[in-house]
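Fold and contact review
Listed below, chain by chain, are the residues.
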Amino acid sequence: MLAKRIIPCLDVKDGKTVKGVNFVNFREAGDPVELGAQYSRQGADELVYLDITASHEGRKTFTELVKKVAANISIPFTVGGGINALADVERLLAAGADKVSINSSALRNPDLIEEIAKNFGSQVCVVAIDANFENERWLCYLNGGRIPTDRFLFDWATEAESRGAGEILFTSMTHDGVKDGYSNEALACLADLLHIPVIASGGAGKMEHFRDAFTLGRADAALAASVFHFGEIGIAELKDYLSAEGVNVRL
C-alpha cells in the first residue's frame with residue numbers, strides 16, 4: 001500500500017505566506033522559501049504553493065519565488081494560481097516545480113486538463129476543487145471561493161479524471177480554517193468514485209483529524225496550512241502519531 005502523504009500548503013500573497021479562515025481574513029505566516037525548507041527538513045512529503053493573487057505582476061514575482069523554492073528544498077512541490085495556458089505550465093515547470101494545480105481555469109476550460117496531460121503527463125496535472133456544502137450538495141466555486149458555478153463536486157471530479165487529471169485536491173470551503181476536521185464523508189465518496197489519488201484539504205485542527213481523513217475519508221494525502229505555519233502540529237510528531245495509529249506514512 002502506498003504511504004499516505006502529509007502536505008503543507010503555503011498561500012502566497014505579495015511574496016509572503018498568508019493564511020485565512022473560510023477563504024477570508026488573512027494573516028501573515030512567514031517567508032515561503034524559509035517555511036518550505038523547514039517543512040522539507042521536518043519530513044513533509046510534498047509542498048503546495050498557491051499564488052492567491054495571481055495578477056500579471058504577481059506571476060513574475062511568483063516565478064522567481066518558485067526558482068528559489070526549487071533551490072532550497074529536496075521534496076516535490078506543486079504550484080498553482082493564475083495558470084490558464086500551457087505556457088504558464090511550461091514556465092513554472094522550467095522554474096523547478098514538479099506539478100501544477102489548476103482550479104478556476106479548469107472549470108472555465110476543461111480542455112486545459114487534457115492539454116496538460118498530453119504535453120506534460122497526467123502526473124503533472126493536479127485539479128483543485130473548492131466546494132461548499134449547500135442545499136445538500138457540494139457546489140464548486142471559482143476564483144478562490146468567490147464565485148459559485150453550476151458544477152457539483154462528484155461530477156466534476158469524475159470528469160477531471162476522465163480528461164487526464166493525475167490527482168484531485170478537494171478543499172471543503174465549509175471546513176477551511178475552522179479546525180474541526182476534514183469532510184470525511186465527501187472524501188470517502190471521492191475515493192469510491194475515482195481511480196486517482198485524492199488530497200484532503202480544509203479542516204485540520206489536531207492530529208486525529210489527519211488520521212480520520214486517511215481512515216474514514218480514505219484520502220491519499222492530507223494538506224494543511226495554519227496548524228503547521230503557527231507551530232500547532234509538528235510534522236515529525238504527526239507522522240509518529242499516525243504510524244502508531246496504523247496509518248502507513250514515510251517516517
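The structure we're discussing is the one just above.
Bear in mind that the values here come from a model prediction, so they are computed numbers and not experimental data.

Looking at the nonpolar core
Counting 69 residues, the largest nonpolar core has Val127, Phe210 and Phe228 as its most contacted members. With near-sequence residues (within four places) excluded, Phe210 lies in contact with Ile6, Tyr182, Ala204, Ala222, Ala224, Val227, Phe228, Ile233, Leu238 and Leu242. Ranked by size, the runner-up nonpolar core spans nine residues in total, among them Val48, Ile199, Ala221 and Leu223.

Thoughts on the packing of helix α8 (residues 207-215) against helix α10 (residues 235-244)
Running from N to C, α8 and α10 cross one another at 50°; their axes reach a closest spacing of 10 Å. Of the possible angle classes, the one that applies to α8 and α10 is oblique. As α8 packs across α10, the resulting crossing turns out to be right-handed. Contacts from Met207, Glu208, Phe210, Arg211 and Phe214 in α8 reach Glu237, Leu238, Tyr241 and Leu242 in α10. Residues that form the contact of α8 with α10 fall into these classes: six nonpolar, no polar and three charged.

Description of empty space enclosed by the protein
As enumerated under the stated definition, the model contains one cavity of 30 Å³ or more in all. Estimates place the volume of the largest cavity at around 30 Å³. Lining the largest cavity are Ile7, Glu46, Val48, Thr78, Lys99, Val126, Glu167, Leu169 and Ile199. Taken together, the residues of the lining of the largest cavity sort by class into five nonpolar, one polar and three charged.

Cut-off values and rules
- Residues numbered from 1 in each chain as written.
- Predicted model: local features only at pLDDT ≥ 70, side-chain atom pairs only at ≥ 80, totals over all residues.
- Heavy atoms only, no water.
- Core = buried A, V, L, I, M, F, W, Y, C linked by side-chain atoms within 4.5 Å.
- Buried < 20%, exposed > 50% of the residue type's maximum accessible area, 1.4 Å probe, protein only.
- Contact = heavy atoms within 4.5 Å.
- Axes fitted to C-alpha atoms, helices over the stretch in contact; angles between N-to-C directions.
- Helix = DSSP H or I, 4+ residues; strand = E, 2+ residues; numbered from the N terminus.
- Parallel < 35°, antiparallel > 145°, perpendicular 65-115°, else oblique.
- Left-handed = near helix turned anticlockwise from the far one by under 90°.
- Nonpolar A, V, L, I, M, F, W, Y, C, P; charged D, E, K, R; others polar.
- 1 Å grid on protein atoms, 1.4 Å probe; cavity = no way out; pocket = protein on both sides within 12 Å on 5 of 7 lines; lining within 4 Å.
- Points joined across faces, edges and corners; volume = space filled by probe spheres on them.

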